[in-house]
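# Geometric and topological summary
Spelled out, the chains give:
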Amino acid sequence: MPTKTSIITALIIAGMALASTVAHGAETKAAEPPKAVAPAVPPPYERSEALLSIINPHNQIGDTGEVLLGTCVVCHKDTPDVKAKSIKEVNLYYPDNPDQLCRNCHTVKKHPGSEGISVTMSGYTAPDHLVVPSKTVIYNMKLSLKEIPMILPLDPKSGRLLCVTCHNPHERGLLSGRPDWGADYSMRIRSAGLDICQYCHRK
Ligand code: HEC
Ligand code: HEC
Ligand code: HEC
Ligand code: HEC
């Protein structure tokens, strides 16, 4: 029987192989993450009327390639330097609860974690993901960050997960390097086609 350690080692090796493929791919065609795929089942969210009628703040680059600085200040208190590398280097509105930025426009139920389960049948509800991660999850996140050129921002104040831990609010090509990973991918998930659950839950 394989031990837990040997499974984890195998996963790490597989991950390293993946990361090197990714890094190699990035050299040749930096601006081309995998194409977005439609989700198999409709996600359990509603789009508010407001969402359907307002400007999309995630469109941050104009038709001729210029940065649409006006959109930055929907979320940032001042126009950020595009070279800033982390949440600690920018001034966001709602510093005590950065998720409020997103909730102003997006009404979401607790997710992810309930996919494919009929809630009425099982009585199962998705776990609260917006919490301070356990040591195991922190450890897994560190491994993932070694393997994949991305960021997984946590709340600078409390250390808990935020909406933007999983979702990249920026347009692809606006930021460079790690912060660009997953931008404009399906559901803006920082997975860019990889299994995002495995970033934090290695099985
Ligand atoms: C919908 C909200 C939103 C908009 C609009 C937005 N940002 Fe951000 N930005 C964030 C959040 C939240 C963070 C911190 C989390 C993160 O790391 O992505 C951030 C972080 C950053 C960072 C630090 C790197 C990083 O990803 O952590 C830079 C640089 C940045 N933003 C630049 C910009 C610029 C330039 C614009 C306008 C063209 C802009 N942002 C528009 C929400 C937004
Ligand atoms: C000013 C309103 C506004 C704010 C603030 C905002 N969004 Fe959005 N968001 C939009 C619009 C508009 C769309 C495009 C929806 C569509 O195409 O139907 C969108 C799309 C998305 C999507 C893709 C899902 C979809 O329905 O296509 C995700 C995920 C998302 N936003 C996450 C975030 C996160 C995370 C934040 C906070 C950092 C945030 N948004 C802040 C308006 C907003
Ligand atoms: C642990 C990762 C994670 C966190 C944290 C998270 N999401 Fe998501 N989100 C996902 C995944 C994965 C999906 C794709 C559908 C699913 O699995 O439910 C998704 C889907 C979405 C969608 C798409 C809905 C649609 O169909 O238009 C929106 C909008 C969204 N999330 C907003 C948010 C907001 C706002 C927050 C914070 C309150 C947040 N998410 C926190 C992982 C996350
Ligand atoms: C950025 C890290 C992160 C990602 C990505 C993530 N989770 Fe989680 N998940 C957590 C944290 C933190 C908890 C709270 C428990 C803990 O800290 O161990 C949690 C808890 C859970 C739980 C409750 C049972 C448990 O293990 O404690 C389920 C189920 C779950 N997640 C499913 C998912 C699924 C499905 C996905 C992918 C769609 C996903 N998660 C993606 C961080 C993450």
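Each remark here, short or long, concerns the structure printed above.
Quick summary incoming for the structure in this document.

Conventions and cut-offs
Residues numbered from 1 in each chain as written. Chains lettered and ligands numbered in written order. Predicted model: local features only at pLDDT ≥ 70, side-chain atom pairs only at ≥ 80, totals over all residues. Heavy atoms only, no water. Near = heavy atom within 4 Å. Polar contact = N/O pair within 3.5 Å; in protein donor to acceptor, adjacent residues only side chain to side chain. Helix = DSSP H or I, 4+ residues; strand = E, 2+ residues; numbered from the N terminus. Nonpolar A, V, L, I, M, F, W, Y, C, P; charged D, E, K, R; others polar. Buried < 20%, exposed > 50% of the residue type's maximum accessible area, 1.4 Å probe, protein only. Contact = heavy atoms within 4.5 Å. Expected span 1.5 Å × (residues − 1). Arc of directions from axis to C-beta. Salt bridge = Lys/Arg side-chain N within 4 Å of Asp/Glu carboxyl O. Donors = N, O, S within 2.8 Å, 3.2 Å for Na, K, Ca; no water. Tetrahedral: all angles 85-135°; square planar, octahedral: opposite > 155°, others 65-115°.

Moving on: the site of ligand 4. In the region of ligand 4, 16 residues are neighbours, and H129, S134, C197, C200 and H201 sit closest. Within the side chain of S134, a nitrogen or oxygen atom sits 2.7 Å from an oxygen atom of ligand 4. Within the residue set of the shell around ligand 4, elements represented by two or more residues are α7 (163-166) and α8 (196-200). For the shell around ligand 4, the element with the highest residue contribution is α8, accounting for 3 residues. For the shell around ligand 4, the class distribution of residues is 11 nonpolar, 5 polar and no charged.

You can see Y199 is positioned in helix α8. With relative accessibility at 2%, the residue Y199 sits in the buried group. Put simply, Y199 and S144 are 55 residues apart on the chain and 5.5 Å apart in space, counted from C-alpha to C-alpha. Setting aside residues up to four positions removed in sequence, Y199 forms contacts with N140, M141, S144, I148, M150, L152, W181, R190, S191 and L194. Polar side-chain contacts of Y199 include one of 3.4 Å to the side chain of W181. From its side chain, Y199 meets the backbone oxygen of S191 in a polar contact 3.4 Å long.

Across its 13 residues, helix α6 (residues 135-147) extends 19 Å between first and last C-alpha, which sits within 8% of the 18 Å expected from 1.5 Å per residue. Every buried residue of α6 is accounted for by V137, N140, M141, L143, S144 and E147. Across the axial projection of α6, the buried residues extend over an arc of 160°, all falling on one side. Those residues of α6 that are exposed and aimed more than 90 degrees away from the buried face are K135, K142 and K146.

Throughout the structure, instances matching the rule amount to 4 salt bridges. Between D96 and K157 there is a salt bridge, and its shortest N-O distance comes to 2.7 Å. Of this pair, D96 sits in the loop between α3 (69-72) and α4 (99-103) while K157 sits in the loop between α6 and α7; the two residues are 61 residues apart in sequence, bridging distant segments of the chain. There is no split in this pair, since D96 and K157 are both exposed. Note that D99 and R160 form a salt bridge whose closest N and O atoms lie 2.8 Å from each other.

The next point concerns the coordination of the iron atom of ligand 3. The protein atoms donating to the iron atom of ligand 3 are H111 (NE2) and H167 (NE2), with metal-donor distances spanning 1.9 to 2.0 Å. Because the angles between the 6 donor atoms bound to the iron atom of ligand 3 fall within 88 to 179°, the donor set is best described as octahedral. Placement of H111 in the loop between α4 and α5 (119-122) and of H167 in the loop between α7 and α8 is noted, with a sequence separation of 56 residues between them.

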